[in-house]
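Structure at a glance
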Amino acid sequence: MNILSVASEIYPIVKTGGLADVTGALPGALAAHGMPMRTLVPGYRTVMAALGGGRRVVRSYPEFYGGPAAILAAEAAGLDLFVLDAPHLFDRPGAPYGDGTDFDDNWRRFAALGKAGAEIAEHGGDGFLPDLVHAHDWQAAMTIAYMRYANARSVPTVMTVHNLAFQGQFPASIFPLLGLPDAAMSVDGVEYYGGVGFLKAGLQGASAITTVSPTYAQEIRTPQFGMGLDGLLNARAADLHGIVNGIDVDVWDPQTDTLLPAPYGPRTLQKRQRNRQTVEERFGLDQDGAPILTVISRLTWQKGMDLFAEVLDRIVAEGARVAVLGSGDHALEGALLSAAARHRGRVGVVIGYSEPLSHLLQAGCDAILVPSRFEPCGLTQLYGLRYGCVPIVARTGGLADTIVDANEAALSAGVATGFQFAPLTADAFLQAIRRAMRCHREPSVWATIQRQGMKADVSWNRSATRYARLYDTLASDV
Ligand code: ADP
């Protein structure tokens with residue numbers, strides 16, 4: 001069974017968030033199920049630069065959404081790729097979606113990606129004819145609309161929502177430029193609140209919808225989390241599944257991680273001390289025995305970073321040290337930098353994006369704070385589990401599904417892996433931090449929580465089995 005995955009990011013070639021981790025890991029995990037997966041990605045500069053010499057032209061188009069384009073087949077970083085090579089759309093400096101503000105022609109760029117996906121679904125290429133198409137997020141969602149309205153072959157589709165906050169909504173004026181039949185501009189098609197909704201089109205047309213945790217799958221059916229799509233998602237509830245993400249346990253393995261000054265395992269937790277010293281040096285923290293809490297995050301409202309900035313003084317007053325790695329909202333960056341200036345030696349902040357530092361923090365800090373307002377799955381708490389960096393998380397979405405709260409019952413049964421709090425208030429957040437710090441003062445209790453987390457199966461095996469089962473079911477329904 002051949003699976004075509006369509007995505008705007010794939011680790012390690014192009015990544016702005018967790019989506020890339022998922023699309024990068026899924027092909028490897030599905031290979032074990034005998035399901036070859038190839039991924040179609042945009043030919044951004046970084047992608048074109050990553051392709052080796054073995055690229056093959058699968059189809060070419062003199063005119064494709066405003067310029068010449070080709071679909072290439074290639075291998076890069078151990079991944080089997082199709083690449084939409086369209087320089088007028090993707091050969092630009094900077095981030096995938098625009099620097100600071102979104103590119104004006106994002107609708108065209110990702111309509112083109114969708115059309116390319118539909119072309120491969122219809123004609124195949126490079127000896128690969130898809131039996132199922134899996135589209136990720138709004139950037140890939142139009143694949144499903146084009147397949148539905150323009151293709152002769154009937155191929156089942158899966159639409160995965162990694163974050164409902166990003167929907168790809170555009171004015172109705174783009175509709176005539178999409179090359180879809182008039183019938184597509186309907187409630188049943190791509191029309192969304194009078195405009196065109198890319199994600200909406202995918203959700204409407206997909207054979208099945210998945211999102212990245214069971215709790216988020218329930219939450220998005222409510223007005224509070226549904227972001228305007230709760231009605232549609234309720235109507236499609238029978239086809240909506242929550243499958244928690246795994247992580248790449250080879251990239252994230254504290255025993256073999258070459259990015260760490262001192263690799264370690266569950267029985268050699270004392271070696272974390274050297275990583276902690278490096279954290280202290282890199283983040284300008286006092287060298288004392290106080291716990292170090294870390295944040296590795298986009299600095300946004302979704303991630304609850306405003307709440308974090310608000311309680312930072314009180315966290316320091318509790319006696320903890322704090323190491324922050326993140327970038328995003330400029331006001332939040334400023335607030336965190338001024339907290340670091342106010343609390344020299346207690347709070348260290350690095351503004352930016354750094355994979356090596358994120359590994360170091362997970363390996364050297366005691367706990368990771370994830371106070372998200374909503375969190376479809378979340379990956380940093382999974383890395384935290386694996387690295388013995390105990391997660392302190394808001395009880396929402398995938399955070400609720402992946403962390404076992406250290407309440408009395410869980411502690412005495414030895415199954416606790418972290419700390420959850422709700423509602424999302426300063427007091428509840430601080431109370432969870434206090435609970436964690438109390439446990440931290442008892443080394444054997446803390447080590448039990450760390451080891452329990454390190455034992456949790458956060459690999460792709462379980463998730464891949466669930467995706468494979470879903471693909472099988474959909475393929476046998478055709
Ligand atoms: P989202 O995709 O919503 O940002 P996730 O928790 O699902 O949140 O995934 C975030 C990913 O990005 C994780 O792999 C995390 O380690 C990484 N990340 C976020 N911010 C940074 C940063 N400043 N430096 C390095 N990695 C980061």
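Right, let's walk through the structure included here. (Residues numbered from 1 in each chain as written. Predicted model: local features only at pLDDT ≥ 70, side-chain atom pairs only at ≥ 80, totals over all residues. Heavy atoms only, no water.)

Examining the nonpolar core
Counting residues in each nonpolar core, the largest one holds 78 residues, and the members touching the most others are Leu84, Leu178 and Phe198. In terms of residue count, the dominant contributor to this core is helix H4 (residues 106–123) (nine residues). Among all residues touching phenylalanine 198, those that are not within four sequence positions of it are Trp107, Phe110, Ala111, Trp138, Ala141, Met142, Gln167, Gly168, Phe170, Ile174 and Leu178. (Core = buried A, V, L, I, M, F, W, Y, C linked by side-chain atoms within 4.5 Å. Buried < 20%, exposed > 50% of the residue type's maximum accessible area, 1.4 Å probe, protein only. Helix = DSSP H or I, 4+ residues; strand = E, 2+ residues; numbered from the N terminus. Contact = heavy atoms within 4.5 Å.)

Regarding the side chain of glutamine 420
Tracing the sequence through the fold places glutamine 420 in strand S18 (residues 419–421). The class of glutamine 420 is buried, set by a relative accessible area of 8%. Not counting residues up to four positions away in its chain, the partners in contact with glutamine 420 are Val393, Arg395, Leu399, Ala400, Ile403, Asp405, Ala432 and Arg435.

Examining helix H13 (residues 355–364)
The element H13 is largely enclosed, with a buried count of eight among its 10 residues. Taken residue by residue, H13 has Leu357, Ser358, His359, Leu360, Leu361, Gln362, Ala363 and Gly364 as its buried positions. Where H13 is buried, its residues touch helix H10 (272–282), strand S13 (292–299), strand S14 (321–328), strand S15 (347–351), strand S16 (367–370) and helix H14 (380–387). Between the side-chain oxygen at the start of H13 and the backbone nitrogen of leucine 357 there is a gap of 3.0 Å, and the oxygen is on serine 354. (Polar contact = N/O pair within 3.5 Å; in protein donor to acceptor, adjacent residues only side chain to side chain.)

Description of helix H6 (residues 198–205)
Most of H6 is tucked away: six of the eight residues are buried. Within H6, burial applies to Phe198, Leu199, Lys200, Ala201, Gly202 and Leu203.

Section: the packing of helix H17 (residues 426–440) against helix H18 (residues 443–455)
One way to put it is that H17 packs onto H18 with a least axis distance of 6 Å and a crossing angle of 115°. Between H17 and H18, the crossing angle belongs to the class labelled roughly perpendicular. Facing Ala436, Cys439 and His440 of H17, the residues of H18 in contact are Pro443, Val445, Trp446 and Ile449. For the contact of H17 with H18, the class distribution of residues is six nonpolar, one polar and no charged. (Axes fitted to C-alpha atoms, helices over the stretch in contact; angles between N-to-C directions. Parallel < 35°, antiparallel > 145°, perpendicular 65-115°, else oblique. Nonpolar A, V, L, I, M, F, W, Y, C, P; charged D, E, K, R; others polar.)

Considering the pairing of strand S2 (residues 37–42)
Most of S2 sits inside the fold, with six of its six residues counted as buried. Judged by which residues are buried, S2 turns out to be covered on both faces: Met37, Thr39 and Val41 on one side and Arg38, Leu40 and Pro42 on the other are all buried. As paired strands, strand S1 (residues 3–6) and S2 are joined by four bridges and run parallel to one another. Paired with serine 5 across the strands is threonine 39, a residue of S2. Two elements, S2 and strand S5 (residues 79–85), share four bridges in a ladder whose sense is parallel. If you follow threonine 39 over to S5, its bridge partner there is leucine 81. (Pairing = 2+ DSSP bridges.)

Some remarks on the pattern of salt bridges
Across all of its chains, the model carries 22 salt bridges by this definition. Of the charged contacts in the structure, one is a salt bridge between aspartate 427 and arginine 314, with a shortest N-O distance of 3.1 Å. Of this pair, aspartate 427 sits in helix H17 while arginine 314 sits in helix H11 (residues 305–317); the two residues are 113 residues apart in sequence, bridging distant segments of the chain. By relative accessible area, which is 38% here, arginine 314 ends up partly exposed. Salt-bridge contacts for arginine 434 lead to glutamate 318; the nearest nitrogen and oxygen are separated by 2.8 Å. A residue pair is termed long-range when its members are at least 10 positions apart, and arginine 434 in helix H17 and glutamate 318 in the loop between H11 and S14 qualify at 116 residues. (Salt bridge = Lys/Arg side-chain N within 4 Å of Asp/Glu carboxyl O.)

Overview of the environment of leucine 89
Looking at the element boundaries, leucine 89 is found in helix H3 (residues 87–90). When sequence neighbours within four positions are dropped, the list of residues in contact with leucine 89 reads Tyr65, Arg108, Arg109 and Ala112.

Observations regarding the site of the ligand
Contacts to the ligand come from 18 residues, most closely from Gly18, Arg298, Lys303, Gly352 and Leu379. Between tyrosine 383 and the ligand, the recorded distance is 3.3 Å, taken from a side-chain N or O atom to an oxygen atom. Coverage of the ligand by the protein amounts to 92% of the 560 Å² it exposes when considered alone. Those elements that place two or more of their residues in the shell around the ligand are helix H1 (18–31), S13, S14 and H14. No other element matches S13, which puts three residues into the shell around the ligand. Looking at the shell around the ligand, its residues break down into five nonpolar, nine polar and four charged. (Near = heavy atom within 4 Å. Areas by Shrake-Rupley, 256 points an atom, 1.4 Å probe, with all protein chains shown as cover.)

Some thoughts on the sheet that holds strand S12 (residues 240–242)
Strand order in this open sheet of nine strands is S3-S4-S5-S2-S1-S6-S7-S11-S12, and the pairing throughout is mixed. The open sheet terminates on both sides in strands that have one partner only, identified here as strand S3 (56–61) and S12. Each strand axis lies, on average, 25° off the axis of its neighbour in the sheet, ignoring direction. Relative to strand S6 (residues 132–136), S1 is paired through four bridges, and the arrangement is parallel. The residue bridging serine 5 from the neighbouring strand is histidine 134, located in S6. The strands touched by H6 within the sheet are strand S7 (157–161) and strand S11 (208–211), with S7 carrying the most contacts at an inclination of about 135°. Relative to the sheet, helix H19 (residues 460–477) contacts S1, S2, S6, S7, S11 and S12, its axis offset from that of S7 by approximately 145°.

Looking at the sheet that holds strand S9 (residues 191–192)
The strand order across the open sheet built from three strands is S8-S10-S9, with neighbouring strands paired in antiparallel fashion. Lying at the two open borders of the sheet, with one neighbouring strand each, are strand S8 (169–170) and S9. Two strands pair when backbone bridges link them, and S9 and strand S10 (residues 195–197) are joined in this way by two bridges, in the antiparallel orientation. For tyrosine 192, the partnering residue across the bridge sits in S10 and is glycine 195.

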